[in-house]
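Results of the structural survey
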Amino acid sequence: MPTTVVSTINKPGEDYNTIALWEAAKQGNLVLADQVQQGDCYNDDGNLDETGIVIDGSTTDATRYMVLSSPVGERHTGKAGTGFHLRPTGNSLRVIFVADQYVRIEWLEISNFFNGWYGHAHGIDLDNSGSAAAAPLVQNCIVHDSQGGASNNLHFGISWNRFAKVWNCIVYNVHSEGIKGYDGYGGGVQVYHCTVYNCGQFGNKANIHSADPGEIKNCCSIATNGTGNAFNYGGATGSYNIADDASATGTGSRTDGSTTDFVSTTGGSEDLRIANSDDPEVDHGTDLGATAAIDINGRNRDTEGDVWDMGAHEFVAPVNPDTFARRRPEEDWRLRTNRVAEHLVGA
């Protein structure tokens, strides 16, 4: 079994004070070394002002690869501003660019990206010409608020060329398109359980758009900021998605989404987790088993036995001893047993 080598970034006593230094030091032939190289980003030293991060130059396979993450207690809790935050203050053609295969980018918050030179900017950009099986994975990330609003500013929150997996991410307030596949020659793309809000400015743009074949499934796309659509499936197949316009087509999809489905869309304090148990996203996704099971809060839909929702967040009602909805039978039995015991003690 490969050895996972964990390095710390952005904390007192850190191994590396930038992600780029970690990547340069740890890249290599990970198959020969029989290693997973993991960079853990901490929130201890505040926002990390870094851009132009390139993950490239390693030999990898399905069990030995590079991981850029944030550990429990340092990562966000499903809302911006609650954990490690990568926030560049300079030009950002790409905040993170991934060219290696099998790479995992997870549990990061990225914002404030822009490019003052010629307009294009990407929060996370993936370039994988290998295969769908070797596609890099972006999961449980929050990417938001690109800067600059001119019509030639083409900004993408999470983007890819040919092959990619994007699971359980939240993207909002990005000037061009939130999640974007722009090649059209790939295949096997997986965009699962993502929530995108207020993107798609400037012409026929969309919150979620894939030119590559694959699947867009269990996603929530609300309020495009312009004349575009919530979804543009392009070369992909869509199902079990929800939008506030007619672009959410395919099996199990809905068009009754609304900004009121979210906890908050107030500028500067957005919280795009599901607000209420009767919101249309709740219980209307399709079960993907162990694939994309971990939601933006870290809840495992699969092992918890949840009825799967649409979007990045799995809504769980506060536990009320007098309400047994959305609980497993053994949980109902335990609560009832406790209530009988409390009654006997009270007697």
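Everything discussed here concerns the structure shown above.
Residues numbered from 1 in each chain as written. Predicted model: local features only at pLDDT ≥ 70, side-chain atom pairs only at ≥ 80, totals over all residues. Heavy atoms only, no water.

1. Section: the side chain of His122
Among the secondary structure elements, His122 is positioned in strand 9 (residues 121–128). A distance of 2.8 Å separates polar atoms of two side chains, one belonging to His122 and the other to Ser159. When residues no more than four places from it in sequence are discounted, the contact partners of His122 are Ser92, Leu93, Arg94, Val95, Phe113, Phe156, Ser159 and Tyr182. (Helix = DSSP H or I, 4+ residues; strand = E, 2+ residues; numbered from the N terminus. Polar contact = N/O pair within 3.5 Å; in protein donor to acceptor, adjacent residues only side chain to side chain. Contact = heavy atoms within 4.5 Å.)

2. Describing the nonpolar core
Residues Ile96 and Ile105 are the most contacted members of the largest nonpolar core, which totals 48 residues. Those elements giving two or more residues to this core turn out to be helix 1 (19–26), strand 3 (53–55), strand 4 (66–69), strand 6 (94–98), strand 9, strand 12 (155–162), strand 16 (189–192) and strand 21 (229–232). Counting 13 residues, the second-largest nonpolar core is a separate cluster that includes Ile142, Ile170, Cys220 and Phe262. (Core = buried A, V, L, I, M, F, W, Y, C linked by side-chain atoms within 4.5 Å. Buried < 20%, exposed > 50% of the residue type's maximum accessible area, 1.4 Å probe, protein only.)

3. With respect to the packing of aromatic side chains
Here the distance between the centres and the angle between the planes together describe a pair of aromatic rings. Counted under the stated rule, the structure contains two aromatic pairs. Summarising the aromatic geometry, the rings of Tyr197 and Phe262 are spaced 6.1 Å apart at their centres and angled 75° between planes, so their arrangement reads as edge-to-face. Of this pair, Tyr197 sits in strand 17 (residues 195–197) while Phe262 sits in strand 24 (residues 262–264); the two residues are 65 residues apart in sequence, bridging distant segments of the chain. Between the aromatic rings of Phe231 and Tyr233, the centroid separation amounts to 5.6 Å while the plane-to-plane angle is 50°, which identifies the pairing as tilted. (Phe/Tyr/Trp six-rings, centres within 6.5 Å; stacked < 30°, edge-to-face > 60°.)

4. A few points about empty space enclosed by the protein
Throughout the structure, instances matching the rule amount to one cavity of 30 Å³ or more. Of the volumes computed, that of the largest cavity is approximately 40 Å³. The wall of the largest cavity is formed by Thr195, Cys220, Asp261, Phe262, Leu272, Ile274, Glu281, Met310, Gly311, Ala312 and His313. (1 Å grid on protein atoms, 1.4 Å probe; cavity = no way out; pocket = protein on both sides within 12 Å on 5 of 7 lines; lining within 4 Å. Points joined across faces, edges and corners; volume = space filled by probe spheres on them.)

5. Structural notes on helix 1
Turning to helix 1, its buried residues are Ile19, Trp22 and Glu23. Considered in projection along helix 1, the buried side chains sweep an arc of 95° and stay on one side of the axis. Tucked inside the fold, the buried residues of helix 1 contact strand 1 (3–9), strand 2 (35–41), strand 3, strand 4 and strand 5 (85–86). Two or three places before Leu21, at the start of helix 1, stands the capping residue Thr18, its side-chain oxygen 3.1 Å from that residue's backbone nitrogen. Directly after helix 1, the chain includes Gly28, whose backbone phi takes a positive value near 155°. (Arc of directions from axis to C-beta.)

6. Brief notes about the sheet that holds strand 21
One open sheet accounts for seven strands, arranged 3-6-9-12-15-18-21; its pairing is parallel. Every interior strand has two partners, whereas the edge strands, strand 3 and strand 21, have only one. Neighbour-to-neighbour, the strand axes of this sheet turn through a mean angle of 5°, independent of strand direction. One ladder, built from four bridges, connects strand 6 with strand 9; its direction is parallel. Along strand 9, the bridge assignment pairs Arg94 with His122. (Pairing = 2+ DSSP bridges. Axes fitted to C-alpha atoms, helices over the stretch in contact; angles between N-to-C directions.)

7. Section: the sheet that holds strand 4
Here we have nine strands laid out as an open sheet, ordered 1-2-4-7-10-13-16-19-22, and parallel in their pairing. Only two strands of the sheet have a single neighbouring strand rather than two, namely strand 1 and strand 22 (236–239). Between one strand axis and the next, the sheet turns by 15° as a mean value, whatever way the strands run. Sheet topology note: the strand 13 (residues 165–167)/strand 16 ladder contains three bridges and is parallel. Of the residues in strand 16, the one forming a bridge with Trp167 is Tyr192. Its contacts with the sheet place helix 1 against strand 1, strand 2 and strand 4, and it is angled at close to 160° to strand 4.

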